[in-house]
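The lines below spell out each chain.
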Amino acid sequence: MFDWLKLAVKKIGEISSSIDKYKKDTVIQSLPSYSCVSRAKKLLEQNKPQEAKEILEKALSLPQKDALVYKYLGITSEKLGDNASAIENYQLSADLQPQDKDIWKKLGFALIAGGKFERAEKSFENADKIQGNNTDTFAGWGIALMKQKKYAEAREKFMSASKFNRYNFSAVFLCAVMEIKLEMYDKAEMKLTFLANVCPNESNTFEFARLKAIKKDFSSAIHYAKKSLEYNPNMLPAYILLGQLYASKFEKEKALEYFEKAEQKNLITPALYLEWAKVLEKFGDYTEAKLKLLKSAELDADNLEITANLGLCCVTRKEFEEARPLLEKVLEKEPDNLVVKQALGIIDYQNDNIDKAIELFKSNDEDSVNCYYLAKCYEKKNNDTKVKDYYEAAITRNPQYISAFIDYSKYLISKSEYDEARRKLRKALKADENNISVLNMLFFVSYVLVKDELYEYNVKETIKIAQKIEEINPDLFEYPEQKTELEQLLRDSSERE
């Protein structure tokens, strides 16, 4: 459970005020036990739950069972962090005095904390029968339904909670969360805008950021995610979201910066390393992604998403034997897993099972990697139109996909489409201005084209490309003879003048 949800449950669970000063409890049933309860109340007010528990346990030896004793044993157990004991004692109290207006609510919140959501739902239903129209009852009821993924029903309860108390901002917030789940984005945005103005905190602003991200308003999403971190610098989901948002904007350094910040703050979870790895995969860095996934797997070995992505990284690194058991593990439980299908498609492509590979890649042809491999598959089938269509799709969906730019340019060169190849390579340089492979290819196609456009300016611009490569590393320049030829053309032209 994220911290924001724990906080919401805690706030809603604080019924009335500080155990309501224990006012208006049930009628005194037996004087000796009532005396024990009174003493325990005072000790609780003094924040001495252990001493209160000891006194209440003595009252259990009395012949008559008292619902109040069990009720306050439940309260002391909660304060001592023993939720199982709290549930047991609240249930005993409710069985003895089912008309107590608070006991079913207390039991309901304890059951939520214990992960017993169906029982909690019934407990809040009982509370509503005894005392209707209570904001805390409906809020707790909504949480119990939410945890069972009954989002529409949960939303109705949160709406009721905020109706009976318009200052129950936790209920308004959770209602907005449910509306996001139900894709009721405009309604959610109205509530989150209200909360951002009335009671901004790390939870509200983070959820607002998440909603803006869903609506593709990345600038606003980044703004609110950063606001969330201002309220709480340890808000891990905000770091992850910022990493994802900057990756969506193809700003690799900023994306990775936020994952690194979370790690430096020791906010270590399987989700941190998984999402970090997925961003690295997006930028084609499968080696580093694999290292992050291995860390994630150490923390959560049974997570199928981690396993699937680890299998994909192994496949892209041609570590097929290592990948096989990972992919098979996921397929047993998720035969339609898209990450696994991509990995299997790459294997089939490598083994020249082209038709099978195409079928697998087409299961998600909105993915830039799948588009890239579909282009490669159609190259083998000599389908020029589809080759170009899928390469275009790959570089459109990921303008920093250097491998796709390089292979697309090689294909265009093989078809003697040098001018188009030059355009693609210039776009590639916008993503990685010092990429040696791109620069070498750009020099070559420019050299070929300059023969048809023999102008001094064109020759000089082509030579500049060669000089840039030599400045980076002269040993990596692949066309020294062609450069010499162009330099000679310049000299000859100068002498003629």
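Residues numbered from 1 in each chain as written. Predicted model: local features only at pLDDT ≥ 70, side-chain atom pairs only at ≥ 80, totals over all residues. Heavy atoms only, no water.

A. How the structure looks around the overall build of the chain. Helix and strand counts for the chain come out as 28 helices and 0 strands. In terms of overall size, the chain is more extended than a compact globule, its C-alpha atoms giving a radius of gyration of 32 Å where 497 residues would be expected to give roughly 23 Å. Projected onto its principal axes, the C-alpha positions of the chain cover 120 × 45 × 35 Å. Expressed as a percentage of its 497 residues, the buried residues of the chain come to 49%. Nonlocal contacts in the chain, meaning residues at least 24 apart in sequence, comprise 51% of its contacts between residues at least 6 apart. Working note: accessible area of the chain is about 25,000 Å², and carbon and sulfur atoms make up 47% of it. (Helix = DSSP H or I, 4+ residues; strand = E, 2+ residues; numbered from the N terminus. Rg over C-alpha atoms; globule rule 2.2 N^0.38 Å. Buried < 20%, exposed > 50% of the residue type's maximum accessible area, 1.4 Å probe, protein only. Contact = heavy atoms within 4.5 Å. Areas by Shrake-Rupley, 256 points an atom, 1.4 Å probe, with all protein chains shown as cover.)

B. Spotlight on the pattern of salt bridges. Per the stated rule, a full pass over the model turns up 39 salt bridges. A salt bridge links K380 to D352; the shortest N-O distance between them is 2.6 Å. Residue K380 is found in helix 22 (residues 368–380), and its partner D352 is found in the loop between helix 20 (338–350) and helix 21 (354–361); the two are separated by 28 residues along the sequence. A residue is classified by how much of its surface remains accessible, and K380, at 40% relative accessible area, is partly exposed. A cluster of three or more residues bridged by salt bridges with shared partners is formed by E392, D419, E420, R422, R423 and K424. (Salt bridge = Lys/Arg side-chain N within 4 Å of Asp/Glu carboxyl O.)

C. Summary view of the packing of aromatic side chains. One pass over the full model with this rule turns up 20 aromatic pairs. When the centroid spacing of 5.1 Å and the interplanar angle of 80° are considered together, the rings of F109 and F124 count as edge-to-face. Here F109, found in helix 6 (residues 103–113), pairs with F124, found in helix 7 (residues 117–130); they are 15 residues apart in sequence, far enough to count as distant. Assessed through its relative accessible area of 7%, F109 is described here as buried. Looking at F124, the relative accessible area reads 0%, which means it is buried. (Phe/Tyr/Trp six-rings, centres within 6.5 Å; stacked < 30°, edge-to-face > 60°.)

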